[in-house]
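Given next are the chains, with one letter for each unit.
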Amino acid sequence: MSLKGDRLKDEGSRLQVTAAGATAGLIARFIIAPLDVVKIRLQLQTHSLSDPLSHRDLRGGPVYKGTLPTLRHILRHEGITGLWKGNVPAELLYVCYSAVQFTTYRSATLFLHSNLGEGTLPQSAESFVAGAIGGGTATAATYPLDLLRTRFAAQGNERVYTSLWRAVAQIGREEGARGFFRGLGPGLAQIVPYMGFFFAAYETLRPHLSGLDLPFSTGGAVAGTMASVMAKTGTFPLDLVRKRIQVQGPTRGRYVHKNIPEYYGGTVGALRTIFRAEGFRGLYRGLTVSLVKAAPASAVTMWTYERALKFYIGLGEAREQSL
């Protein structure tokens, strides 16, 4: 059994790509869930441990500093399950997102080939366009799950929502359909360049690193890690704004951080408010854990995706031979 073609977007049928993407998302999400919760908590924190003046409006909320202290704080005050808050909508999000993303990525590539001709665009440009389309489509299609994941992860011991279905009903009743898409603007503004740069970097690095023989990894995993770190750093402020806007609404003051400001003026207005109140560093709260999370998440996703795709292609070949 061998994969046909030497590039990720040329391999497998649409169904096989969808199944491999969903499998990769499911496994990656469960592994990195605790880091995701820590990242969201840090992104939503508007106060700083080094600035006591910013603690005046905490209203009983915690003060987090750094990845490991935040992990310990959550474990001590919320238990081990606190590190997997929001895991149900997050698992649904990652499975659906990965499936849509990889499927759209492949479909966009085939569309470019059929309309422009294969090899017309440079490989990096082709990967950027296909990756941006895949990321934007997956973000829009699964955005309500992303919002639910953020809100559940932002809950402390005081539960804002008691279950996923009650959360859906409450948001629909109190905020309407638009409530499920709070922050979609910065989400698309962030994910389109992020996924474009990610896939362009991945497809560029993958051929050069594929020959690496590493004890606990592969060249594809290393390429995925490097591509993710580069793309994440460049688009992080938009990811932070998306998280801040996702928890706006009638429940804004009931999460673990009870002093989250109300933002006006959309993405640009939120960026200005954060920069004015928290400075440049405020736009990068949680970047360290985000990069720590992005590396294993992308490595696990791409490593699992490639092996799952080989598995599903093997199943297809075995089925064809048996017919």
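Everything here concerns the structure above.
We now turn to the structure provided with this report. All figures in this text were calculated on a predicted structure; none of them were measured in a lab. (Residues numbered from 1 in each chain as written. Predicted model: local features only at pLDDT ≥ 70, side-chain atom pairs only at ≥ 80, totals over all residues. Heavy atoms only, no water.)

**Looking at the overall build of the chain**
Step number 1: In terms of regular secondary structure, the chain is built from nine helices and zero strands.
Step number 2: Each helix (α) and strand (β) of the chain, taken in turn from the N terminus, gives the series α-α-α-α-α-α-α-α-α.
Step number 3: Relative to its full complement of 323 residues, the chain shows a buried share of 53%.
Step number 4: Pairs at least 24 apart in sequence give 80% of the contacts found in the chain among residues at least 6 apart.
Step number 5: Counting only carbon and sulfur atoms, one obtains 64% of the accessible surface of the chain, whose full area is about 14700 Å². (Helix = DSSP H or I, 4+ residues; strand = E, 2+ residues; numbered from the N terminus. Buried < 20%, exposed > 50% of the residue type's maximum accessible area, 1.4 Å probe, protein only. Contact = heavy atoms within 4.5 Å. Areas by Shrake-Rupley, 256 points an atom, 1.4 Å probe, with all protein chains shown as cover.)

**Digging into the side chain of Lys-258**
Step number 1: Looking at the element boundaries, Lys-258 is found in the loop between α7 (219-246) and α8 (266-282).
Step number 2: The class of Lys-258 is buried, set by a relative accessible area of 19%.
Step number 3: Side-chain polar atoms of Lys-258 contact the side chain of Glu-158, separated by 3.2 Å.
Step number 4: A polar side-chain atom of Lys-258 sits 3.3 Å from the main-chain carbonyl oxygen of Tyr-255. (Polar contact = N/O pair within 3.5 Å; in protein donor to acceptor, adjacent residues only side chain to side chain.)

**Points about the packing of helix α4 (residues 123-153) against helix α5 (residues 164-175)**
Step number 1: Across the interface, α4 lies against α5 with an axial gap of 11 Å and an inter-helix angle of 105°. In terms of orientation, α4 and α5 fall into the roughly perpendicular class. From α4, Leu-147, Leu-148, Arg-151 and Phe-152 reach across to α5, where they touch Leu-164, Ala-167, Val-168, Ile-171 and Glu-175.
Step number 2: When the residues that make up the contact of α4 with α5 are grouped by side-chain class, the tally is seven nonpolar, no polar and two charged. (Axes fitted to C-alpha atoms, helices over the stretch in contact; angles between N-to-C directions. Parallel < 35°, antiparallel > 145°, perpendicular 65-115°, else oblique. Nonpolar A, V, L, I, M, F, W, Y, C, P; charged D, E, K, R; others polar.)

**Brief notes about the packing of aromatic side chains**
We describe a pair of aromatic rings using the distance from one ring centre to the other and the angle between the two ring planes.
Step number 1: Counted by the stated rule, this structure contains seven aromatic pairs.
Step number 2: Here the aromatic rings of Phe-152 and Tyr-161 are separated by 5.9 Å at their centres, their planes lie at 50°, and the arrangement is tilted. Here Phe-152 matches Tyr-161 in class, with each residue buried.
Step number 3: Consider the rings of Phe-236 and Tyr-284, whose centres lie 6.0 Å apart with planes at 20°: the pair is stacked. Pair noted here: Phe-236 is in helix α7 and Tyr-284 is in the loop between α8 and α9 (287-322), with a separation of 48 residues, a long-range link. (Phe/Tyr/Trp six-rings, centres within 6.5 Å; stacked < 30°, edge-to-face > 60°.)

**Focus on α5**
Step number 1: Taking 1.5 Å of rise per residue, twelve residues should cover 16 Å, and α5 covers 16 Å from first to last C-alpha, within 8% of that figure.
Step number 2: Looking at α5, one finds that the buried residues are Leu-164, Ala-167, Gln-170, Ile-171 and Glu-175. Down the axis of α5, the buried side of the element spans an arc of 120°, and every buried residue falls inside it. Seen from the buried face of α5, the exposed residues on the opposite side, beyond 90 degrees, are Trp-165, Arg-166 and Arg-173.
Step number 3: Positive phi shows up at Gly-176, right after α5, with a value of about 75°. (Expected span 1.5 Å × (residues − 1). Arc of directions from axis to C-beta.)

**Structural notes on the environment of Thr-142**
Step number 1: Examined against the element boundaries, Thr-142 turns out to sit in helix α4.
Step number 2: Each C-alpha atom of the pair Thr-142 and Leu-92 lies 8.8 Å from the other, and the pair is 50 residues apart in sequence.
Step number 3: Ignoring sequence-local partners within four residues, the contact set of Thr-142 consists of Leu-93, Cys-96 and Tyr-97.

**Overview of the nonpolar core**
Step number 1: Counting residues in hydrophobic clusters, the biggest one holds 29 residues, and the most contacted among them are Tyr-97, Phe-102, Met-195, Phe-198, Phe-199, Tyr-305 and Leu-309.
Step number 2: Breaking this core down by element, the ones donating at least two residues are α1 (14-44), α3 (87-116), α4, α6 (184-209), α7 and α9.
Step number 3: Ile-74, Ala-153, Tyr-161 and Ala-167 belong to the second largest nonpolar core, which has 27 residues in total. (Core = buried A, V, L, I, M, F, W, Y, C linked by side-chain atoms within 4.5 Å.)

**Looking at the pattern of salt bridges**
Step number 1: In the structure shown here, the tally under the stated rule is 16 salt bridges.
Step number 2: When the shortest N-O distance is used, the salt bridge between Asp-239 and Lys-39 registers 2.9 Å. Note that Asp-239 is positioned in helix α7 and Lys-39 in helix α1, a separation of 200 residues in sequence.
Step number 3: With a shortest N-O distance of 3.6 Å, Arg-252 and Glu-262 are connected by a salt bridge. Here Arg-252, found in the loop between α7 and α8, pairs with Glu-262, found in the loop between α7 and α8; they are ten residues apart in sequence, far enough to count as distant.
Step number 4: Given the relative accessible area of 23%, Arg-252 is considered partly exposed. (Salt bridge = Lys/Arg side-chain N within 4 Å of Asp/Glu carboxyl O.)

**Thoughts on α1**
Step number 1: If you check α1, its first and last C-alpha atoms are just 38 Å apart, much less than what 31 residues at 1.5 Å a residue would give, namely 45 Å.
Step number 2: At Ala-33, α1 shows its largest kink, close to 60°, and the proline Pro-34 lies no more than four residues downstream. (Bend = angle between axes of the 7 residues up to and from the residue.)

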